[in-house]
Amino acid sequence: MTMTTIESSRPGTALVLGATGGVGGEAARQLRDAGWGIRALARGLETETAARDGMTWLRGDAMNRQDVARAALGCEVIVHAVNPPGYRRWGELVLPMIDNTIAVAAAQGATIVLPGTIYNYGPDAFPLLRETSPQQPLTRKGAIRVELERRLQVASAQGARAVVLRAGDFFGPRAGNNWFSQGLVKPGRPLRRVSVPGAPGVGHQWSYLPDVGRTLVELLGRREALAPFATFHMAGHWDADGTRMAEAIVRVARRHGAAPRVGAFPWGLLWLAAPFSETLRELMQMRYLWRQPLRMDNARLVGVLGAEPHTPLDVAVEATLRGLGCLPQALPAMPATA
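Everything numeric in this text was worked out from a predicted model, so none of it was measured.

## So, empty space enclosed by the protein
Stage number 1. What the rule picks out here adds up to two cavities of 30 Å³ or more.
Stage number 2. Put simply, the largest cavity is a space of about 80 Å³.
Stage number 3. Around the largest cavity, the lining is made up of 14 residues, and of these Val-196, Trp-206, Asp-239, Gly-242 and Trp-290 lie nearest the centre.
Stage number 4. Here the lining of the largest cavity is built from residues that sort into eight nonpolar, five polar and one charged.
Stage number 5. Of the voids in this model, the second largest cavity is the one considered here, and its volume is about 30 Å³.
Stage number 6. For the second largest cavity, the full set of lining residues is Thr-111, Arg-161, Ala-162, Val-163, Arg-223, Leu-226, Ala-227 and Pro-228.
Stage number 7. Class assignment for the residues of the lining of the second largest cavity results in five nonpolar, one polar and two charged.

Set out below in structure tokens:
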């Protein structure tokens, strides 16, 4: 793909919805560090406003359009990274929240940024996912994500602007709920076992959250030259046979004096417990993503940025394990150039 040279826009002010979560929090920090003014909407604030971590925090709810409008006043960008916690009440909350963001962004003339997922896709689109691949999801959650993006696309045809960045399974020091921390290791505990959810030999797509955040920053720097509805895929870290992520965890653990065993993820136990937990039921529905290889084509992204931000796997894994409390703190961190 031919690289396009696009002049960068200057940082402005961004409202981040979901800044207390993994994706939203990383996006907020990366934008802040790049010179953006950050406003973050959060329900649990004790006061109407608070200043911390170099950001302005505002009390409010993404389900309340007036709260979003008040927080977005004067913002050039709204990062829509808010999701119902623990997969609960997706059908009730996800679409009303994006409708609020769309209405406010259209009134403000702001660009919407949506961190996307692979849940939009079903097996008919595998093994190589491009931005134009058919979206025929197998799950209720996937169908809602498709509808969410469809509403953004409709709004873009009516004058709004949106950037969607889709990535594989997230991992990182502060990534929140994800397969790395919920399936592969146990946060807050020494590394004794690494569980592998995938079938033997099946490739899997991972994305390091700080790289996702840096990519969002770079895309926003070029937002004025992008299409009104611009979608991009990240290549992230491709685990070609489903073993490389576990091997990286073991390598890092050995550097810290641990020797974890590698074994299969206990899908049977999850199946038995799923009837009693909505979160576990949703995880079971996503099992198809571990049974077939899927890889994301980032040619369009590279064509705009020139290169995708990319942290070496062992460096990313060490930072993640350290952030999850799985490593002792005495040994210095692996240098980022490793």
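Additional details are given in the paragraphs that follow.
## Here we look at a nonpolar patch on the surface
Stage number 1. There is a patch of nonpolar side chains on the surface, built from Leu-269, Trp-271 and Leu-272 and spanning about 380 Å² of accessible area.
Stage number 2. Structurally, the position occupied by Leu-272 is in helix H8 (residues 267–273).

## Description of the sheet that holds strand S11 (residues 204–208)
Stage number 1. Ordered by their spatial adjacency, three strands build an open sheet running S9-S11-S13, and the pairing between neighbours is mixed. Two strands close off the open sheet at either side, each with one partner strand: strand S9 (169–171) and strand S13 (237–239). The sheet shows a mean angle of 35° between the axes of neighbouring strands, direction not considered.
Stage number 2. Taken together, the three bridges between S11 and S13 define a ladder with antiparallel strand orientation. Each residue of the ladder has a partner; that of Gln-205, found in S13, is Trp-238.
Stage number 3. Packing against the sheet, helix H11 (residues 313–323) makes contact with S9, S11 and S13, and its axis sits at approximately 65° to S9.

## Remarks on the sheet that holds strand S2 (residues 37–42)
Stage number 1. Overall, mixed pairing links the eight strands, which are arranged S3-S4-S2-S1-S5-S6-S8-S12 in an open sheet. Unpaired on one side and paired on the other, strand S3 (49–52) and strand S12 (229–233) mark the two borders of the sheet. Mean inter-strand twist for the sheet, computed between neighbouring axes without regard to direction, equals 20°.
Stage number 2. Of the pairings in the sheet, the one linking strand S5 (residues 77–80) to strand S6 (residues 111–116) comprises three bridges and is parallel in character. Directly across from Val-79, in S6, lies its bridge partner Val-113.

## Considerations on the environment of Gln-136
Stage number 1. Inspection of the secondary structure assignment puts Gln-136 in the loop between strand S7 (128–129) and helix H4 (140–156).
Stage number 2. Residues Gln-136 and Thr-101, spaced 35 residues apart in sequence, show a C-alpha to C-alpha distance of 25 Å.
Stage number 3. Leaving out residues up to four positions away in the same chain, Gln-136 has contacts with Asn-120, Tyr-121, Gly-122 and Asp-124.

## Some points on the layout of surface pockets
Stage number 1. Estimates place the volume of the second largest pocket at around 290 Å³.
Stage number 2. Taken together, 15 residues line the second largest pocket, and the ones lying closest to its centre are Leu-184, Val-185, Lys-186, Arg-193 and Ser-195.
Stage number 3. Of all the secondary-structure elements, those providing two or more residues to the lining of the second largest pocket are helix H5 (179–184) and strand S10 (193–196).
Stage number 4. Counting residues per element, the lining of the second largest pocket draws most heavily on H5, which supplies four residues.
Stage number 5. Class assignment for the residues of the lining of the second largest pocket results in seven nonpolar, four polar and four charged.

## Here we look at the pairing of S11
In summary, the side chains of a regular strand alternate between the two faces of the sheet.
Stage number 1. Burial of S11 is extensive: five of the five residues sit out of reach of the surface.
Stage number 2. Examined bridge by bridge, S9 and S11 share three bridges and lie parallel to one another. The residue of S11 that forms the bridge with Phe-170 is Ser-207.

## Some remarks on the environment of Gly-35
Stage number 1. Tracing the backbone shows Gly-35 in the loop between helix H1 (22–33) and S2.
Stage number 2. Sequence separation of Gly-35 and Gly-74 is 39 residues, and the distance between their C-alpha atoms is 16 Å.

## Considerations on a positive patch on the surface
Stage number 1. A grouping of Lys-186, Arg-189, Arg-193 and Arg-261 is seen on the molecular surface, where their side chains present a positively charged patch.
Stage number 2. Inspection of the secondary structure puts Arg-193 in strand S10.
Stage number 3. Since its relative accessible area comes to 34%, Arg-193 is described here as partly exposed.

## Here we look at helix H2 (residues 65–72)
Stage number 1. Turning to H2, its buried residues number three or more, namely Asp-67, Val-68, Ala-71 and Ala-72. Take H2 and look down its axis: the buried residues cluster within an arc of 120°, on one side only.
Stage number 2. Between the side-chain oxygen of the N-cap and the backbone nitrogen of Gln-66 there are 2.9 Å, and the N-cap of H2 in question is Asn-64.
Stage number 3. Positioned one or two residues after H2, Gly-74 has a phi angle of 85°, which is positive.

## Some words on the packing of aromatic side chains
Stage number 1. The tally for this structure, following the rule as stated, stands at 10 aromatic pairs.
Stage number 2. Here Phe-171 and Trp-206 contribute two aromatic rings whose centre-to-centre distance is 6.1 Å and whose plane-to-plane angle is 90°, an arrangement assigned as edge-to-face. With a gap of 35 residues between them, Phe-171 in strand S9 and Trp-206 in strand S11 connect regions that are remote in the sequence.
Stage number 3. Under the relative-accessibility criterion, Phe-171 is labelled buried at 0%.
Stage number 4. Of the aromatic side chains, those joined through ring pairs into one cluster are Phe-171, Trp-179, Phe-180, Trp-206, Tyr-208, Phe-265, Trp-267 and Trp-290.
Stage number 5. When the ring centre of Trp-57 is taken as reference, the NZ or CZ atom of Arg-52 above it lies at 4.2 Å.

The rules behind these values
- Residues numbered from 1 in each chain as written.
- Predicted model: local features only at pLDDT ≥ 70, side-chain atom pairs only at ≥ 80, totals over all residues.
- Heavy atoms only, no water.
- 1 Å grid on protein atoms, 1.4 Å probe; cavity = no way out; pocket = protein on both sides within 12 Å on 5 of 7 lines; lining within 4 Å.
- Points joined across faces, edges and corners; volume = space filled by probe spheres on them.
- Nonpolar A, V, L, I, M, F, W, Y, C, P; charged D, E, K, R; others polar.
- Patch = residues over 30% accessible without salt bridge, like charges linked within 9 Å, V, L, I, M, F, W, Y side chains within 5 Å.
- Areas by Shrake-Rupley, 256 points an atom, 1.4 Å probe, with all protein chains shown as cover.
- Salt bridge = Lys/Arg side-chain N within 4 Å of Asp/Glu carboxyl O.
- Helix = DSSP H or I, 4+ residues; strand = E, 2+ residues; numbered from the N terminus.
- Pairing = 2+ DSSP bridges.
- Axes fitted to C-alpha atoms, helices over the stretch in contact; angles between N-to-C directions.
- Contact = heavy atoms within 4.5 Å.
- Buried < 20%, exposed > 50% of the residue type's maximum accessible area, 1.4 Å probe, protein only.
- Lys, Arg positive; Asp, Glu negative; His and termini not counted.
- Charge placed at Lys NZ, Arg CZ, Asp CG, Glu CD.
- Arc of directions from axis to C-beta.
- Polar contact = N/O pair within 3.5 Å; in protein donor to acceptor, adjacent residues only side chain to side chain.
- Phe/Tyr/Trp six-rings, centres within 6.5 Å; stacked < 30°, edge-to-face > 60°.
- Lys NZ or Arg CZ within 6 Å of the ring centre and 35° of its normal.

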